[in-house]
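Observations on the three-dimensional arrangement
This is what each chain is made of:
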Amino acid sequence: MLQIQDVVKTFGRQTAVDGVSLDLEPGVVGLIGHNGAGKSTLLQMLATLTVPTRGRILLDGQDIVAKPEAMRRRLGYLPQDFGVYPHLTAREFLQYFAALKGVGDKRRVRQLLELVNLHEHADRAAAGFSGGMRQRLGIAQALLNDPDVLIVDEPTAGLDPEERLRFRRLLGDLGAKRLVIVSTHIVSDVENMASRLAILRQGRLVAFETPEAMLARAAGQVWTSLLSPEAYEALRGQVRVLQAQPQGGQMQVRIAHASRPCADAQPAQPTLEEALMAQRYADAQVAA
Ligand SMILES: Nc1ncnc2c1ncn2[C@@H]1O[C@H](COP(=O)(O)OP(=O)(O)OP(=O)(O)O)[C@@H](O)[C@H]1O
């Protein structure tokens with residue numbers, strides 16, 4: 001469906017995206033990376049808001065750099081800095097964007113308000129909305145044209161845990177029949193909904209795989225142990241400590257290491273977040 005072929009984006013001497021290639025099919029793709037990894041720049045190129053310095057982006061075989069309208073009419077985009085108009089109600093806001101986007105079907109606004117669970121607040125001004133409500137209004141706006149490609153940039157920033165959960169569920173549902181690309185630096189945001197994870201580091205794609213494959217690769221690299229404070233101090237400089245919790249005068253730790261880090265360490269089932277950290281640690285060891 002969407003092919004990204006050796007895409008590079010530079011700003012002066014800064015390379016924001018460095019030769020990324022990805023072949024994306026419908027479903028939810030999690031684009032994961034630290035701040036500055038190049039996520040927003042890549043998404044903006046997919047959304048035809050900026051052009052690659054090099055490389056090609058094809059949607060069903062059509063070059064969207066040469067023909068941005070091929071993407072634009074099939075795209076829904078929720079940018080990182082999405083803002084609502086505070087004086088408009090949720091309904092007015094969607095009606096306004098429906099008019100701008102040429103969406104004539106009057107029922108669409110009502111359907112979307114229901115889909116994102118804002119129908120009971122439809123006639124309230126957005127100024128009083130919580131962060132989660134604003135984001136759901138943003139998704140409704142992005143869905144007005146029933147897009148095949150939905151791009152959402154860091155959608156859960158600033159949301160409370162319950163709103164986060166609700167928002168994730170909504171995105172997961174939306175991925176059932178379209179390509180949804182969600183960028184985040186929080187792995188748990190996409191853990192249970194993404195069928196593929198694309199990991200960006202300093203503009204480069206370092207992995208593109210299923211969460212299961214990522215977990216399988218980390219098997220045997222995460223360990224747990226209960227250490228005395230002295231043993232903990234001695235060990236912490238030599239291994240990657242993922243978690244340390246004081247417990248009755250001792251330290252309960254989780255550690256990433258390619259082999260058993262100390263005599264009584266037990267292998268642990270890694271979380272996805274830990275799998276990523278273990279991988280980063282292993283890569284750094286190889287590079288050193
Ligand atoms: N318009 C620009 N001009 C110059 N440098 C830029 C521009 N846009 C992005 N960059 C740089 O490109 C790199 C990637 O930025 P980008 O915003 O794509 O990362 P990100 O992974 O989305 O991070 P964040 O989550 O903080 O937005 C950063 O070093 C950033 O400073």
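Residues numbered from 1 in each chain as written. Predicted model: local features only at pLDDT ≥ 70, side-chain atom pairs only at ≥ 80, totals over all residues. Heavy atoms only, no water.

**Quick notes on the overall build of the protein**
The secondary structure content of the protein amounts to ten helices and 14 strands. Across its three principal axes, the protein shows a C-alpha extent of roughly 70 × 45 × 35 Å. Among the 288 residues that make up the protein, the fraction classed as buried is 48%. Residue pairs in contact within the protein that sit at least 24 positions apart in sequence constitute 66% of those at least 6 positions apart. (Helix = DSSP H or I, 4+ residues; strand = E, 2+ residues; numbered from the N terminus. Buried < 20%, exposed > 50% of the residue type's maximum accessible area, 1.4 Å probe, protein only. Contact = heavy atoms within 4.5 Å.)

**Regarding the site of the ligand**
Residues in close proximity to the ligand total 13 residues, the closest being Gly36, Gly38, Lys39, Ser40 and Thr41. Within the side chain of asparagine 35, a nitrogen or oxygen atom sits 3.4 Å from an oxygen atom of the ligand. One nitrogen or oxygen atom from the main chain of alanine 37 is found 3.0 Å from an oxygen atom belonging to the ligand. Relative to its free-state accessible area of 620 Å², the ligand is covered by the protein chains to the extent of 61%. Listed by contribution, the elements that provide at least two residues to the shell around the ligand are strand 2 (14-24) and helix 1 (39-46). Ranked by residues supplied to the shell around the ligand, first place goes to helix 1 with three residues. Residues that form the shell around the ligand fall into these classes: three nonpolar, eight polar and two charged. (Near = heavy atom within 4 Å. Polar contact = N/O pair within 3.5 Å; in protein donor to acceptor, adjacent residues only side chain to side chain. Areas by Shrake-Rupley, 256 points an atom, 1.4 Å probe, with all protein chains shown as cover. Nonpolar A, V, L, I, M, F, W, Y, C, P; charged D, E, K, R; others polar.)

**Details of the pairing of strand 2**
As paired elements, strand 1 (residues 2-11) and strand 2 share eight bridges and run antiparallel to each other. Bridged to valine 7 within strand 2 is valine 20. (Pairing = 2+ DSSP bridges.)

**Comments concerning the packing of aromatic side chains**
Applying the stated criterion across every chain yields a total of six aromatic pairs. Look at phenylalanine 82 and phenylalanine 93: their rings are 6.0 Å apart centre to centre, the planes differ by 90°, and that puts the pair in the edge-to-face class. In this pair, phenylalanine 82 sits in the loop between strand 6 (75-78) and helix 3 (90-101) while phenylalanine 93 sits in helix 3, placing the two residues eleven residues apart along the sequence. On the basis of relative accessible area, phenylalanine 93 is assigned to the buried category, the value being 0%. Plain terms: the ring middles of tyrosine 96 and phenylalanine 97 are 5.6 Å apart, the flat faces sit at 90° to each other, and that makes the pair edge-to-face. Classification of tyrosine 96 as partly exposed rests on a relative accessible area of 41%. According to the relative accessible area criterion, phenylalanine 97 is buried, its value standing at 16%. Members of the aromatic cluster, joined through ring pairs, are Phe82, Tyr85, Phe93, Tyr96 and Phe97. (Phe/Tyr/Trp six-rings, centres within 6.5 Å; stacked < 30°, edge-to-face > 60°.)

**Observations concerning the pairing of strand 7 (residues 149-153)**
When you tally the buried positions in strand 7, you get five out of five residues, the bulk of the element. Judged by which residues are buried, strand 7 turns out to be covered on both faces: Val149, Ile151 and Asp153 on one side and Leu150 and Val152 on the other are all buried. Where strand 6 meets strand 7, four bridges bridge the pair, whose relative direction is parallel. Bridge assignment links leucine 78 to a residue of strand 7, and that residue is valine 152. Sheet topology places strand 7 next to strand 8 (residues 179-184); five bridges connect them, and they run parallel. Looking at the pairing, isoleucine 151 lines up with isoleucine 181 of strand 8. Chirality of the crossover, the property in question, places the unit of strand 7, helix 6 (residues 161-174) and strand 8 among those that are right-handed. (Right-handed = clockwise from strand over helix to strand, strands pointing away.)

**Examining the sheet that holds strand 9 (residues 196-201)**
As summarised here, the arrangement of the six strands in space is 6-7-8-3-9-10, forming an open sheet in which the pairing is mixed. Looking along the sheet, the strands with just one partner apiece sit at the ends: strand 6 and strand 10 (204-209). Taken over all neighbouring pairs, the strand axes of this sheet differ in orientation by 15° on average, direction set aside. With six bridges joining them, strand 3 (residues 27-32) and strand 8 adopt parallel strand pairing. Bridge assignment links valine 29 to a residue of strand 8, and that residue is isoleucine 181. (Axes fitted to C-alpha atoms, helices over the stretch in contact; angles between N-to-C directions.)

**Some remarks on the nonpolar core**
Grouped together as the largest cluster of nonpolar side chains are 47 residues, with contacts concentrated most on Leu137, Ile139 and Leu171. At six residues, helix 5 (residues 131-143) tops the list of elements feeding residues into this core. Split by domain, the residues of this core number at least three in each of domain 1 (2-209) and domain 2 (216-287). Beyond its immediate chain neighbours, meaning those up to four positions away, leucine 171 contacts Val28, Ile139, Leu150, Val152, Pro155, Val180, Val182 and Met193. Counting residues in hydrophobic clusters, the runner-up holds 28 residues, among them Leu42, Ile64, Leu75 and Leu179. (Core = buried A, V, L, I, M, F, W, Y, C linked by side-chain atoms within 4.5 Å. Domains from an automatic or database assignment.)

**Some thoughts on the sheet that holds strand 1**
Strands pair in a sheet through their backbones, by hydrogen bonds, and they do so in one of two ways: parallel or antiparallel. Strand order in the open sheet formed by four strands is 2-1-4-5, and the pairing between neighbours is antiparallel. Pairing within the sheet leaves two strands with one partner each, and these edge strands are strand 2 and strand 5 (62-63).

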